[in-house]
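Observations on chain architecture
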Amino acid sequence: QVQLVGSGGGLVQPGGSLRLSCAASGFTFSNYAMSWYRQAPGKKRELVATITRDGGSTNYAESVKGRFTISRDNAKKLVYLQMNSLKPEDTAVYYCFTKIFRDHWGQGTQVTVSP
């Protein structure tokens, strides 16, 4: 079955960096676009970034453009989210996502940006 396992979250100071990873299994990874979402306490889950199946095109939420970079390694079945210049408002649980007939979510990884 489809499985997405996210990792790499943690506590970081404002201005710092983190790299999230998502390991995929149970499907042909290179056939599907991948996304990262996030959900802050008391807020709706929001789309952060998407990458096409070949990695040739990416899209970002306005709030993270220029600071975050999504990438993928199809050979390793991994998708990454490099987060730079982190702000307190980036604090959230980050979820890896793909859609194969239905939505599939990773378990979420907590990112906390605080002095």
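One structure accompanies this document, and this report is about it.

Next up on the list: the environment of leucine 4. Here leucine 4 shows up in strand 1 (residues 3–7). Look at leucine 4 and you get buried, because its relative accessible area is 5%. Spatially, the C-alpha atom of leucine 4 lies 7.6 Å from that of phenylalanine 97, the residues being 93 residues apart in sequence. Setting aside residues up to four positions removed in sequence, leucine 4 forms contacts with Cys22, Ala23, Ala24, Phe27, Met34, Cys96, Phe97, Thr98, His104, Trp105, Gly106 and Gln107.

Let us now look at the state of the cysteines. Under the definition given, this model contains 1 disulfide. In this model cysteine 22 forms its disulfide with cysteine 96; the gap between the sulfur atoms is 2.2 Å. Given an S-S torsion of about -85°, the disulfide between cysteine 22 and cysteine 96 has left-handed geometry. Taken together, the residues span a long stretch of sequence, with cysteine 22 in strand 3 (residues 18–25) and cysteine 96 in strand 9 (residues 92–100) at a distance of 74 residues. Here cysteine 22 and cysteine 96 have matching classes, each one buried.

What counts and how
Residues numbered from 1 in each chain as written. Predicted model: local features only at pLDDT ≥ 70, side-chain atom pairs only at ≥ 80, totals over all residues. Heavy atoms only, no water. Helix = DSSP H or I, 4+ residues; strand = E, 2+ residues; numbered from the N terminus. Buried < 20%, exposed > 50% of the residue type's maximum accessible area, 1.4 Å probe, protein only. Contact = heavy atoms within 4.5 Å. Disulfide = S-S within 2.5 Å.

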